Amino acid sequence: MPVRTLQHINIRCIDADAARDFYVALLGLRAGPRPPFRSHGHWLYLGDIPVVHLVQREPDEAIASATGPLNHIAFEAD
């Protein structure tokens, strides 16, 4: 199963709105549509592709894995 491309990264943030503003200003991404998940967050687009998914976490919420705030990376494959 060859990997074709990086599909998106998912980052858990204490302040998803500030993270959105940072990535929009720094990388030139744009905020766009996001499915109606129960959690607060933003999808940031590069063209028509939502490449950064930001998800709000509570300040006292423990990060469950050794990856820290980087929750997951998704690849597109054949």
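Predicted model, so just to flag it, every value in this text is computed and none were measured.

Some remarks on the overall build of the chain
Scanning the chain from terminus to terminus reveals one helix and five strands. Seen in sequence order, the chain has helices and strands lined up from the N terminus as β-α-β-β-β-β. In the chain, which comprises 78 residues, the share counted as buried stands at 27%. Put simply, 56% of the contacts in the chain that link residues at least 6 apart link residues at least 24 apart. With the model as given, the accessible surface of the chain reaches about 5300 Å², and the carbon-plus-sulfur share is 61%.

Remarks on the sheet that holds strand β3 (residues 41-46)
Read across the open sheet, the five strands follow the order β2-β3-β4-β1-β5; overall the sheet is mixed. The open sheet is flanked by β2 (30-32) and β5 (70-77), the only strands paired with a single partner. Looking at each pair of strands side by side, their axes are set apart by 30 degrees on average, direction ignored. Against the sheet, helix α1 (residues 16-27) contacts β1 (3-13), β2, β3 and β4 (49-56), and its axis sits at roughly 10 degrees relative to β3.

With respect to a nonpolar patch on the surface
A surface patch of nonpolar side chains, about 460 Å² in accessible area, is lined by V3, L6, L70, I73 and F75. Residue assignment for the nonpolar patch shows that the elements contributing at least two residues are β1 and β5. Element by element, the count of residues in the nonpolar patch is highest for β5, at three residues. Looking at the secondary structure, you find V3 in strand β1.

Examining the packing of aromatic side chains
Tallying each qualifying case throughout the model produces two aromatic pairs. On the numbers, 5.2 Å between centres and 80 degrees between planes, the contact of F22 with Y23 is edge-to-face. Residue class for F22 comes out partly exposed when judged on its relative accessible area of 47%. Between F37 and W43, the ring centres sit 6.3 Å apart and the planes meet at 50 degrees, which makes this aromatic pair tilted.

Let's talk about α1
With twelve residues, α1 extends 16 Å from end C-alpha to end C-alpha; this agrees with the ideal 16 Å at 1.5 Å per step. The residue sitting at the N-terminus of α1 and contributing the capping side-chain oxygen is D15; that oxygen lies 3.2 Å from the backbone nitrogen of D17. Positive backbone phi, at 75 degrees, marks G28, one or two positions downstream of α1.

Rules of the game
Residues numbered from 1 in each chain as written. Predicted model: local features only at pLDDT ≥ 70, side-chain atom pairs only at ≥ 80, totals over all residues. Heavy atoms only, no water. Helix = DSSP H or I, 4+ residues; strand = E, 2+ residues; numbered from the N terminus. Buried < 20%, exposed > 50% of the residue type's maximum accessible area, 1.4 Å probe, protein only. Contact = heavy atoms within 4.5 Å. Areas by Shrake-Rupley, 256 points an atom, 1.4 Å probe, with all protein chains shown as cover. Pairing = 2+ DSSP bridges. Axes fitted to C-alpha atoms, helices over the stretch in contact; angles between N-to-C directions. Patch = residues over 30% accessible without salt bridge, like charges linked within 9 Å, V, L, I, M, F, W, Y side chains within 5 Å. Salt bridge = Lys/Arg side-chain N within 4 Å of Asp/Glu carboxyl O. Phe/Tyr/Trp six-rings, centres within 6.5 Å; stacked < 30°, edge-to-face > 60°. Expected span 1.5 Å × (residues − 1). Polar contact = N/O pair within 3.5 Å; in protein donor to acceptor, adjacent residues only side chain to side chain.

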